[in-house]
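The residues making up each chain are set out below.
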2 protein chains.
Amino acid sequence: MSKNLTSRTEDYSKWYNELVVKADLAENSAVRGCMVIKPYGYAIWEKMQAELDRMFKETGHQNAYFPLFVPKSLFEAEEKNAEGFAKECAIVTHYRLQNDPDNEGKLRVDPEAKLEEELIVRPTSEAIIWNTYKGWIQSYRDLPLLINQWANVVRWEMRTRLFLRTAEFLWQEGHTAHATKQEAIDETVQMNDVYAEFAEHFMAMPVIKGVKTESERFAGALDTYCIEALMQDGKALQAGTSHFLGQNFAKAFDVKFTNNEGKQDYVWATSWGVSTRLMGALIMTHSDDKGLVLPPKLAPIQVVIVPIYKTDDQFETISNVANGIVKELRSLGVSCKYDHRTTHRPGAKFAQHELQGVPLRVAIGPKDLANGTVELARRDTLTKEVIALDGLVKKIDALLEEIQDALFNKALDFRSSHITEVETFEEFKDVLETKTGFISAHWDGTAETEQKIKEITKATIRCIPMDVVKEAGSCVYSGKPSTNKVLFAKAY
Amino acid sequence: MSKNLTSRTEDYSKWYNELVVKADLAENSAVRGCMVIKPYGYAIWEKMQAELDRMFKETGHQNAYFPLFVPKSLFEAEEKNAEGFAKECAIVTHYRLQNDPDNEGKLRVDPEAKLEEELIVRPTSEAIIWNTYKGWIQSYRDLPLLINQWANVVRWEMRTRLFLRTAEFLWQEGHTAHATKQEAIDETVQMNDVYAEFAEHFMAMPVIKGVKTESERFAGALDTYCIEALMQDGKALQAGTSHFLGQNFAKAFDVKFTNNEGKQDYVWATSWGVSTRLMGALIMTHSDDKGLVLPPKLAPIQVVIVPIYKTDDQFETISNVANGIVKELRSLGVSCKYDHRTTHRPGAKFAQHELQGVPLRVAIGPKDLANGTVELARRDTLTKEVIALDGLVKKIDALLEEIQDALFNKALDFRSSHITEVETFEEFKDVLETKTGFISAHWDGTAETEQKIKEITKATIRCIPMDVVKEAGSCVYSGKPSTNKVLFAKAY
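Treat the numbers as computed from the prediction; the structure is a model and nothing was measured. (Residues numbered from 1 in each chain as written. Chains lettered and ligands numbered in written order. Predicted model: local features only at pLDDT ≥ 70, side-chain atom pairs only at ≥ 80, totals over all residues.)

Caption draft 1: Region of the structure containing helix 10 (residues 346-355) of chain A. Residue and element names in this part refer to chain A. Of all the positions in helix 10, only K349, Q352, H353, E354 and L355 are classed as buried. On the buried face of helix 10, the contacting elements are helix 1 (12-22), strand 17 (303-307) and strand 19 (360-364). Immediately downstream of helix 10, the backbone of G357 shows phi near 75°, a positive value. (Buried ≥ 20, exposed ≤ 12 C-beta atoms within 10 Å, placed from the backbone. Helix = DSSP H or I, 4+ residues; strand = E, 2+ residues; numbered from the N terminus. Contact = placed C-beta atoms within 7 Å.)

In structure tokens, the structure reads:
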């Protein structure tokens, strides 16, 4: 099995990169900035998808699929959105290869096969979707239109990191259309709440719900709501965003509807998305120097059973017991694997399951069986106990819930102790360098101050929390009046 | 609601196109040859995906995700594969847009942002995947490697039709690696069997399992297995393929493993896929002049309940009964919708559900309730009956199974009556023009004859059936000796 990981204190970034690769989650590919999501990593993503998809459907959304490509003329129709993404677009210009006359056995782009209009590989799908919605919406009866898409998108990022920032990534993007401004705003907030519930309930990752400042908004949005999480190194990570798009896209694509009074108006829009970036957030929230730590609700394998034996007879006896446990656990909906590979020794198996974050490990040897016990090991606390075989399944079922809660509470404690209220800019800089985490401070509301603070400290305003308290104060940088504090942090 | 469809006898192709659009399955997009899959169509695709995914996992496969782009140098590594797809590749050449100096508010491709190496948008992923497998496979212990990917692919087709042939389509592609030739062949056959089981059991679409001739093989394969279905217009449709790739890709990407005797050998490969083309096959197998007909196992809504009322009191009474039925049906795992929209009259609802192929419709009016009955309508037979409310749920549950079987048997009867054995080429041409369907005939085994027959009749060899009987004969075209009959047809 793999060598030890670099420790988090030694080099957090290196620890992360090593962990992603060694735990078989993902790896870099031959294509610049694009990753391969390996089966184990993909299995976690599938569990995330399943829960999110259920939550979207429960809130009335349907899935659909729109083209990968956006013709340039559509792409540029909503100017702010186009401007925001123009510098990171992969562009298809040709549709055919031909034999290279100068290079036997090689191909080259056929210069005759140039597209009349270039196609942008979608960095996000507002343009192509709103161009389609134009044909779907005539009357208030067609509204609200509540659609989600699971898709790949491409943003040509210069500096990439597995899961956190890749040129191609997988995501879902919701695109909804509404008759009124208020309904669209309500939808925007609702979906941000759905993301928060998913993050906290399934990822065991506490998040702060808030609104972005103008300079951090999605290109083309009137307001961007977000959930912000705190990683173990004290840096924030934007885990999901939900945008109130106003009538910008409806105007750019001329999408009007007849309201119930017979009058024409532009449609109100939202869009919202989370991506495989959540995998990075999940890893960095819980994992330790031994490897991945997974909340049971997203673990592809929740319990692994490892037999420890010397003789075939022992193996058979242990297997009988193990298979019984597997069966019982599965009937409770617990995913359990009996790891009876003969190619690996128990020690190597233990190391692998630890590295891959399997929440619970059951080891069964002949002595255990004689005593009617097994050894049960918890991945999150790295503790072991010998417990009675009798009642094991119930114990496991309860422990999985306990672990889920414990992970959330541990992450919540860490975050709670890493939100620091500061009054002066000296304090601000000091906390950012020494303690790290979120800084709650007054801000004068100007993009100029925000930019200055970013230049000096690399910290950005992560959000204005939804539950912010109105209180008069003076800006931590400019000293100008402020009506409430906002949350700053260095961020991924 | 929509006007009547063109009838199948009038213009089958027009009927299909109209049906796809009017039943809200898909539509053409602003991107040449790319479709938008609408929510109702996507819901059917999701049901297909769920069953296939389960079947893949039950046969030991795991999902993963590989990059959308293939660098040109990797793409051309396996020459036959590259040659096969070179003429239909979308090619990314640039990674940035800039403001167009000649066109205020417009963007243009930034000539400075040309990629050093062009990226092909995957038409299939053997190249990028086998380049990745090189890093994953060292020893026989790493084999077999059984991986599937759900993804979008792009093939720049010149003539496109919704679902049947689109520039971008959704599919799954399995890519497996094996230590021995036999194991790879067994996998190829197994996955073709999985496809056949899915087609027959879930799509209610009978298929013929067989092997392609050399000229119809996948580019880069040593053998292509397939399932072939027969559409109502007597044309065949290739519904799924499974390829034995030999060591071609292992050699192209230098993927060797150490076998259990310590010797190095190239790895054996398979790949297999089905796509959103199955949606076209599903539609054309069962639907009629009234619209879509769906097998219950793939219907997003299996039962719809429509209230017929004049007064609020009536509506309330009916709704109480309807909600009770919905609840009972859902507890049996039957998807049921109570269509209580006030924006549409019952007639319009009936027309819509008929057009969209909901297998069973329950209509409830005040008179029915007084009599303790409801009206139950079957979409497949277009028959109605008044039946007792008491026992309705059980009846519905049984009927859904009956409909599933009836659709399969109807399609099977049609196909059975459309496989014609012919001995002479005159007969061949006559059957093809008048009766249509599959033609079973002797063929001399040469690509030349196959090509000639195709030129003259437009019919191709669909497959050499798995259950073919060896029998000496003479080729229907050349008169040369033949060892068995093969299946010809015109095809989609």
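Caption draft 2: Main features of the domain arrangement of chain A. Domain boundaries in chain A define domain 1 (12-286), domain 2 (301-401) and domain 3 (419-489). For domain 2 of chain A and domain 3 of chain A, the distance between their C-alpha centres works out to 49 Å. (Domains from an automatic or database assignment.)

Caption draft 3: Seen up close, the relation of the copies chain B and chain A. Between the two copies, chain B and chain A, the superposition gives an RMSD of 0.0 Å; the rotation angle is 180° and the shift along the axis is 0.0 Å. Taken together, these values place the two copies in the relation of a two-fold axis. Judged by C-alpha distance, V92(B) is the residue of chain B that lies nearest the rotation axis, at 2.1 Å. In this assembly the copies share their binding face: 100% of the residues contributing to the interface of chain B also contribute to that of chain A. (Least-squares fit on C-alpha atoms with pLDDT ≥ 70 in both.)

Caption draft 4: Layout of the interface of chain B and chain A. Listed by partner, the interface residues are 55 residues for chain B and 55 residues for chain A. Considering only residue class, the side of chain B that touches chain A consists of 33 nonpolar, eleven polar and eleven charged. When strand 5 (residues 91-94) of chain A meets strand 5 (residues 91-94) of chain B, the two strands line up antiparallel, connected through three bridges. Within the sheet, the bridge partner assigned to I91(A) lies in strand 5 of chain B and is H94(B). (Nonpolar A, V, L, I, M, F, W, Y, C, P; charged D, E, K, R; others polar. Pairing = 2+ DSSP bridges.)

Caption draft 5: Geometry of the sheet that holds strand 18 (residues 336-338) of chain A. All names here are of chain A. Spatial ordering of the open sheet is given by 18-17-19-20-21, a layout of five strands whose pairing is mixed. Bordering the open sheet on either side are strand 18 and strand 21 (384-388), each of which pairs with just one other strand. Shown here is a sheet whose adjacent strand axes are inclined to one another by a mean of 25°, direction ignored. Of the pairings in the sheet, the one linking strand 17 to strand 18 comprises three bridges and is parallel in character. Paired with V303 across the two strands is C336, which belongs to strand 18. (Axes fitted to C-alpha atoms, helices over the stretch in contact; angles between N-to-C directions.)

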